[in-house]
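Listed below are the residues making up each chain.
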Protein chains: 2
Amino acid sequence: MKEKKHAVTYELLHEDKSTGARRGVIHTPHGDIQTPVFMPVGTQATVKSLTPEELKEINAQIILSNTYHLYLRPGSKLVKEAGGLHNFMKWDRPILTDSGGFQVFSLGELRKIKEEGVEFKSHLDGSKHLFTPEKVMEIEEDLGADIIMAFDECVEHTATYEYTKQSMERTTRWAERCKKAHKNIDEQSLFGIVQGGFYKDLRDKSLEDLIALDFPGYAIGGISVGETKEEFLDILRYTAPKLPKNKPRYLMGVGSPDYLIEAALAGIDMCDCVLPTRIARNGTAMTWSGKKVIRNATYERDFSPIDEECDCYACKNYTRAYIHHLIKAKEILGVRLLSIHNLNFLTKLMERVRIEIENDNLSNFRDEFYDKYGYTKE
Amino acid sequence: MKEKKHAVTYELLHEDKSTGARRGVIHTPHGDIQTPVFMPVGTQATVKSLTPEELKEINAQIILSNTYHLYLRPGSKLVKEAGGLHNFMKWDRPILTDSGGFQVFSLGELRKIKEEGVEFKSHLDGSKHLFTPEKVMEIEEDLGADIIMAFDECVEHTATYEYTKQSMERTTRWAERCKKAHKNIDEQSLFGIVQGGFYKDLRDKSLEDLIALDFPGYAIGGISVGETKEEFLDILRYTAPKLPKNKPRYLMGVGSPDYLIEAALAGIDMCDCVLPTRIARNGTAMTWSGKKVIRNATYERDFSPIDEECDCYACKNYTRAYIHHLIKAKEILGVRLLSIHNLNFLTKLMERVRIEIENDNLSNFRDEFYDKYGYTKE
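Everything numeric here is computed off the predicted structure, so don't read it as measured data.

Observations regarding the overall build of chain A
Looking only at helices and strands, chain A has 15 helices and 16 strands in total. Computed over its C-alpha atoms, the radius of gyration of chain A comes to 20 Å, within 12% of the 21 Å expected for a compact globule of 378 residues. Across its three principal axes, chain A shows a C-alpha extent of roughly 60 × 50 × 45 Å. When burial is assessed residue by residue, chain A has 62% of its 378 residues classed as buried. Restricting the contact set of chain A to residue pairs at least 6 apart, pairs at least 24 apart contribute 66%. Only carbon and sulfur atoms are counted for the fraction: they give 49% of the accessible area of chain A, which is about 14500 Å².

The structure is reproduced here in structure tokens:
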């Protein structure tokens, strides 16, 4: 008898042998995703300020939404009643939900970690809640994303060896409980999250135990949490190549152009981050010639587009001067235009990254891009 | 020799003799406007939260922008450098700019009225400025709207007879100075503003003097400023029919459905108000069955559209439950969807009003609408 097919599968199209960069496709119940891909974040069932149509116009292939936030508001049962997250927010392409782990641990004083799970107080009203692996699976099944993440603990980059080890081992036990609790495997695939902080032997142990659990996809958690770029690259390049070749590889919480390129070079397929929409709200644009703070007085009388090389709605229609004015005047349209631009920049960057992988040229592209963008090379 | 044609002209298509309601067209350098019309307000060179394309989708024919705000930020000279307001904000249909009179007088303690003009302090940084009729004409010419308004004083509805008289006479003298100062008559038409508060003999005097100045269009100012509906209707019905029949008639600051219908019945062609976008930001929708506060808990699990009878983008795609969630979570998309809906409601209401006038039936429609919307009839 043939083995049951997972809801989400990975197809490798091309591998650059010299770097390990992968060009592939992730098949999901809501369509295919060309990888490597950047996933815009829609924390509260909306990618901040944008409509689904606008996300499609900039070729967003998949979005991420947050379990912790949706569980608290509007409530995962309400989303289920609405026919799931896709229907609730009218997004018919793939969705990934995180497990709430990162959010819950970010609550600091408001949470308490036990073997059973994590007790926490809502940041909205102080009400008490308990997230266990089983509870998180129930919530993520109610939300109905294509890819759901196992409940994990993300430790600080300053955590001790001993704490990181205990936490990583607990995360593995939670992953096992998640796998057992996850029922809706025909429509959703559960990914495991490799932890282990900045200790390579702990990363190895986490990899070994999680790979043994045979998840349909894997994420690397616990990096891009405040460490130096050198430390980030060290763990990324150590861990990513050890993930299974036949499954999607997801690096959590990465969205700056240099980190996205480095992730692809290390063989990562998926990344997500709030960065492009967050800096948009502060009046900042990513461009092919570096970051530009459109909010600054420099741009007050600048009647050129945000980025001459860009084809997004904002760049085709408006000037830096107009967007500068909108941001200064706290007008929503300013945030919208910069959000469209920044997300378009990252989806276009990843399109370019995919082409460069196909040509076995991503490493050279990285060097050229670093020069143009003003990044310092290693 | 033929008299020089004004930039903006009015064509009467049909008049309902029993009410005085008018169905017409206003011709402008940026295209025709079917009247009666509601004008969305784009205070700071943007109709809050929306793009020009979205405004066109809901069939906004003309927008209003505010001289006071644009003069202070980004500055009318900057807008001129950008090629005028149409080019700056990428709106190629007609624009009307107010004169800043209403805003300046709303500053209260921050302004001082003299014969020469009004001294005021900026609400942004406290800097000192002087608006004279000549200065306002210069600013409005720099902004480049199709219809520009004369600099006037809008008095409170509680103002004494003596003060209202003095103020109205000064407004007339300012109107004369505006007319003399306005140079760009081929591309812009200057409208006079009838004042006189709630004193009919003062309204008569204002009408007489301003009509003698032969402006290409007229507005009624100084009503819809906090008086009762009875007082509003009394002055509206007294003043509107005395305005020239061959020129556009504009009632300033009116945007609630009942006031819009009453204005049309009294023979008004144009109205504007921030109401539809302001209440959108508070989570409130106008519907064919009355006002609905979508922010209220009633709508938390309501999976129907805002208004079953509406064909706007928000109603075609989203539920009350989703919009309720977005508003509670302070997400921009919630404001966008309600703004689209409310503006679409008013443009559709005015389309209906135009049809009812053509059928000499606006009076009956008013009665039916009042019943459905939950308004109390006189």
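A look at the relation of the copies chain A and chain B
Overlaying chain A with chain B gives an RMSD of 0.0 Å, the required rotation being 180 degrees about an axis along which the chain moves by 0.0 Å. Look at the turn and shift together and you get a two-fold axis relating the two. When C-alpha distances to the rotation axis are compared across chain A, the minimum falls at A:Ile332, with a value of 3.7 Å. Comparing interface residues between copies, 100% of those in chain A also lie at the interface in chain B; the contact surface is shared.

A closer look at the packing of helix α10 (residues 257-265) of chain A against helix α14 (residues 332-358) of chain A
All names here are of chain A. Relative to each other, α10 and α14 sit at 30 degrees, their axes nearing to 11 Å. In terms of orientation, α10 lies roughly parallel with respect to α14. As α10 packs across α14, the resulting crossing turns out to be right-handed. Here Pro257, Leu260, Ile261 and Ala264 of α10 come into contact with α14, specifically with Phe345, Leu346, Leu349, Met350 and Val353.

Things to note about the state of the cysteines
Counted by the stated rule, this structure contains zero disulfides over all chains. Of the cysteine sulfurs around A:Cys178, a residue in no disulfide, the closest is that of A:Cys154, at 15 Å. Take A:Cys178: its relative accessible area is 0%, and that puts it in the buried class. Counting only cysteine sulfurs, B:Cys310 is the nearest neighbor of B:Cys315, a cysteine outside any disulfide, at a range of 3.8 Å. We classify B:Cys315 as buried; its relative accessible area is 8%.

A short note on the pattern of salt bridges
Applying the stated criterion to the full structure yields 58 salt bridges over all chains. With a shortest N-O distance of 3.0 Å, A:Arg237 and A:Glu262 are connected by a salt bridge. With A:Arg237 in helix α9 (residues 229-239) and A:Glu262 in helix α10, the pair connects residues that are 25 residues apart, well separated along the chain. Judged by its relative accessible area of 36%, A:Arg237 is partly exposed. Across the pair B:Lys229 and B:Asp258 runs a salt bridge, and its minimum N-O distance is 2.7 Å. Linking B:Lys229 in helix α9 (residues 229-239) with B:Asp258 in helix α10 (residues 257-265), this pair joins segments that are 29 residues apart in sequence.

Description of the sheet that holds strand β8 (residues 118-121) of chain B
Residues and elements named next belong to chain B. Overall, antiparallel pairing links the three strands, which are arranged β7-β8-β9 in an open sheet. Each edge of the open sheet carries a strand with a single partner, namely β7 (111-113) and β9 (128-131). Here the average twist between neighbouring strands, direction ignored, is 15 degrees. The sheet contact formed by β7 and β8 spans three bridges and is antiparallel. Its bridge partner lying in β8, Lys112 is registered against Glu119.

Re the interface of chain A and chain B
Listed by partner, the interface residues are 37 residues for chain A and 37 residues for chain B. Buried area between chain A and chain B, summed over both chains or domains, comes out near 3300 Å², and the portion from carbon and sulfur atoms is 56%. Along the contact surface separating chain A from chain B lie six salt bridges. Its salt-bridge partner being A:Glu54, residue B:Arg336 comes within 2.8 Å of it at the nearest N-O pair. Remark: the boundary between chain A and chain B carries 20 residue pairs in polar contact (both at pLDDT 80 or more). For the side of chain A that touches chain B, the secondary-structure elements that each account for two or more residues are α1 (52-57), α3 (76-81), α4 (85-89), α12 (313-317), α13 (320-328) and α14 of chain A. By residue number, the principal contributor to the side of chain A that touches chain B is α13(A), which donates five residues. Of the residues in the side of chain A that touches chain B, the class split is 19 nonpolar, six polar and 12 charged.

Considerations on unusual backbone geometry
Glycine aside, negative phi is the norm for most residues, and most peptide bonds take the trans geometry. Cis geometry marks the peptide bond from B:Thr35 to B:Pro36; its omega dihedral reads 0 degrees. Relative to the assigned elements, B:Pro36 resides in the loop between β3 (31-35) and β4 (37-40). Its identity as a non-glycine residue notwithstanding, A:Asp214 has a phi of 55 degrees, on the positive side. Here A:Asp214 lies in the loop between α8 (200-212) and β12 (218-220). Backbone geometry places B:Ser49, a non-glycine residue, at a positive phi of 85 degrees. Within the secondary structure, B:Ser49 is located in the loop between β4 and α1 (52-57). The exposure class of B:Ser49 is buried, given its relative accessible area of 0%.

Re helix α14 (residues 332-358) of chain B
Residue and element names in this part refer to chain B. Between the first and last C-alpha of α14 there are 39 Å, a value that for 27 residues agrees with the 39 Å anticipated at 1.5 Å per step. Most of α14 sits inside the fold, with 22 of its 27 residues counted as buried. Of the residues flanking the end of α14, it is Asp360, one or two places downstream, whose phi is positive at about 50 degrees.

Focus: the nonpolar core
A:Leu251 and B:Leu251 are the most contacted members of the largest nonpolar core, which totals 200 residues. Sequence-distant contacts of B:Leu251, defined by excluding residues within four places in its chain, comprise B:Ile220, B:Ile223, B:Phe232, B:Leu236, B:Ala263, B:Ile268, B:Met270, B:Cys271 and B:Asp272.

Reading guide: rules and limits
Residues numbered from 1 in each chain as written. Chains lettered and ligands numbered in written order. Predicted model: local features only at pLDDT ≥ 70, side-chain atom pairs only at ≥ 80, totals over all residues. Heavy atoms only, no water. Helix = DSSP H or I, 4+ residues; strand = E, 2+ residues; numbered from the N terminus. Rg over C-alpha atoms; globule rule 2.2 N^0.38 Å. Buried < 20%, exposed > 50% of the residue type's maximum accessible area, 1.4 Å probe, protein only. Contact = heavy atoms within 4.5 Å. Areas by Shrake-Rupley, 256 points an atom, 1.4 Å probe, with all protein chains shown as cover. Least-squares fit on C-alpha atoms with pLDDT ≥ 70 in both. Axes fitted to C-alpha atoms, helices over the stretch in contact; angles between N-to-C directions. Parallel < 35°, antiparallel > 145°, perpendicular 65-115°, else oblique. Left-handed = near helix turned anticlockwise from the far one by under 90°. Disulfide = S-S within 2.5 Å. Salt bridge = Lys/Arg side-chain N within 4 Å of Asp/Glu carboxyl O. Pairing = 2+ DSSP bridges. Buried area = accessible area lost by both parts, 1.4 Å probe. Polar contact = N/O pair within 3.5 Å; in protein donor to acceptor, adjacent residues only side chain to side chain. Nonpolar A, V, L, I, M, F, W, Y, C, P; charged D, E, K, R; others polar. Expected span 1.5 Å × (residues − 1). Core = buried A, V, L, I, M, F, W, Y, C linked by side-chain atoms within 4.5 Å.

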